[in-house]
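Structural overview
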Amino acid sequence: MTTRPAAPRKPRARSQARIDAILDAARTLLAAEGVAGLSIYSVAERAQIPPSSVYHFFASVPALLEALTADVHAAFRAAIQAPIEHDSLKHWRDLSCIVEQRMLTIYDHDAAARQLILAQHGLTEVTQADRQHDLELGDLMLTVFNRHFEVPTLPSDVDVFALALELSDRVYARSVHQHGLITPRMAEEGMRVFDAYVGLYLPAYLPKRQVLV
């Protein structure tokens, strides 16, 4: 009996390159046409690969959108964790302004991010993934605030910073729904909403740390 030699395994780098091509194609289509214009076949055509290859990595459009949502939130995490000049901070609102401006810049330059997070697409899987990521972002925000200021003990039954992010996103979503983008005026309002909610739990004056933690 002749034994066939085992088929060589495809290099992992090749699989990642194909995943990247699929996500890039989906991002382009999402930015141009919104969620309604996205399908496995349109992504395959855009990426110039067979539909079966897209299905191999992403079983459905929601799975594809969840992966894109994870990419967007990875950019948000990087924005929150990027270095902040401690000496430039006079008030905790200065810190929230810096972080929110960074996140607004991501929205401003990434139409796909606006479609995923702020547009009214009605996809439960994507909405749930976004909320889970918001919890992670809220934890990171708390860590950053604690690094620069002496943050008091916050309620354990409410994710204050995560909820503040969700509330400001609702303002940005209204702007995207009405104008297709986040206008400067609504960006300002969204930041006010964030500070107003966080301000319910942080005192007007929060002692600044002398040494970063």
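Scoring rules and cut-offs
Residues numbered from 1 in each chain as written. Predicted model: local features only at pLDDT ≥ 70, side-chain atom pairs only at ≥ 80, totals over all residues. Heavy atoms only, no water. Core = buried A, V, L, I, M, F, W, Y, C linked by side-chain atoms within 4.5 Å. Buried < 20%, exposed > 50% of the residue type's maximum accessible area, 1.4 Å probe, protein only. Helix = DSSP H or I, 4+ residues; strand = E, 2+ residues; numbered from the N terminus. UniProt positions renumbered as here; feature names shortened; annotations may be inferred. Expected span 1.5 Å × (residues − 1). Contact = heavy atoms within 4.5 Å. Salt bridge = Lys/Arg side-chain N within 4 Å of Asp/Glu carboxyl O.

As recorded in an unreviewed UniProt entry, the chain goes by the name TetR/AcrR family transcriptional regulator, listed as coming from Pseudomonas tritici.

Next up on the list: the nonpolar core. If you look at the biggest cluster of nonpolar residues, it comprises 63 residues, and the most contacted ones within it are Leu65 and Leu202. Secondary-structure elements contributing two or more residues to this core are helix H1 (12-33), helix H2 (40-47), helix H4 (61-81), helix H5 (92-109), helix H6 (111-118), helix H7 (124-148), helix H8 (160-179) and helix H9 (184-198). Of all the elements, H4 adds the most residues to this core, at 9 residues.

The UniProt entry lists residues 16-76 under the feature "domain: HTH tetR-type" (unreviewed entry), expressed in the numbering used here. Helix makes up 80% of residues 16-76 and strand 0%. Its end C-alpha atoms lie 22 Å apart.

Turning our eyes to something else, we now look at H9. In this model H9 runs 21 Å from its N-terminal to its C-terminal C-alpha over 15 residues, within 8% of the 21 Å that 1.5 Å per residue would give. Of all the residues in H9, the buried ones are Met186, Ala187, Gly190, Met191, Phe194, Asp195, Tyr197 and Val198. If you follow the buried residues of H9, they end up packed against H5, H7 and H8.

Turning our attention to the pattern of salt bridges. Across all of its chains, the model carries 7 salt bridges by this definition. A salt bridge links Arg77 to Glu136, with the nearest nitrogen and oxygen atoms 3.8 Å apart. Placement of the pair is Arg77 in helix H4 and Glu136 in helix H7, with a sequence separation of 59 residues. Classification of Arg77 by relative accessible area gives partly exposed; the value is 27%. Residue Glu136 is classed as partly exposed on the basis of its relative accessible area, which comes to 33%. Between Glu189 and Arg185 there is a salt bridge, and its shortest N-O distance comes to 2.6 Å. Within this pair, Glu189 and its partner Arg185 are both found in helix H9, separated by 4 residues, close to a single helical turn. Here Glu189 falls in the partly exposed class, since its relative accessible area comes to 24%.

A separate point is the UniProt feature "DNA-binding region" (unreviewed entry) in the chain. The positions UniProt marks with the feature "DNA-binding region" (unreviewed entry) are residues 39-58. Across residues 39-58, the secondary structure splits into 75% helix and 0% strand, with the terminal C-alpha atoms separated by 11 Å.

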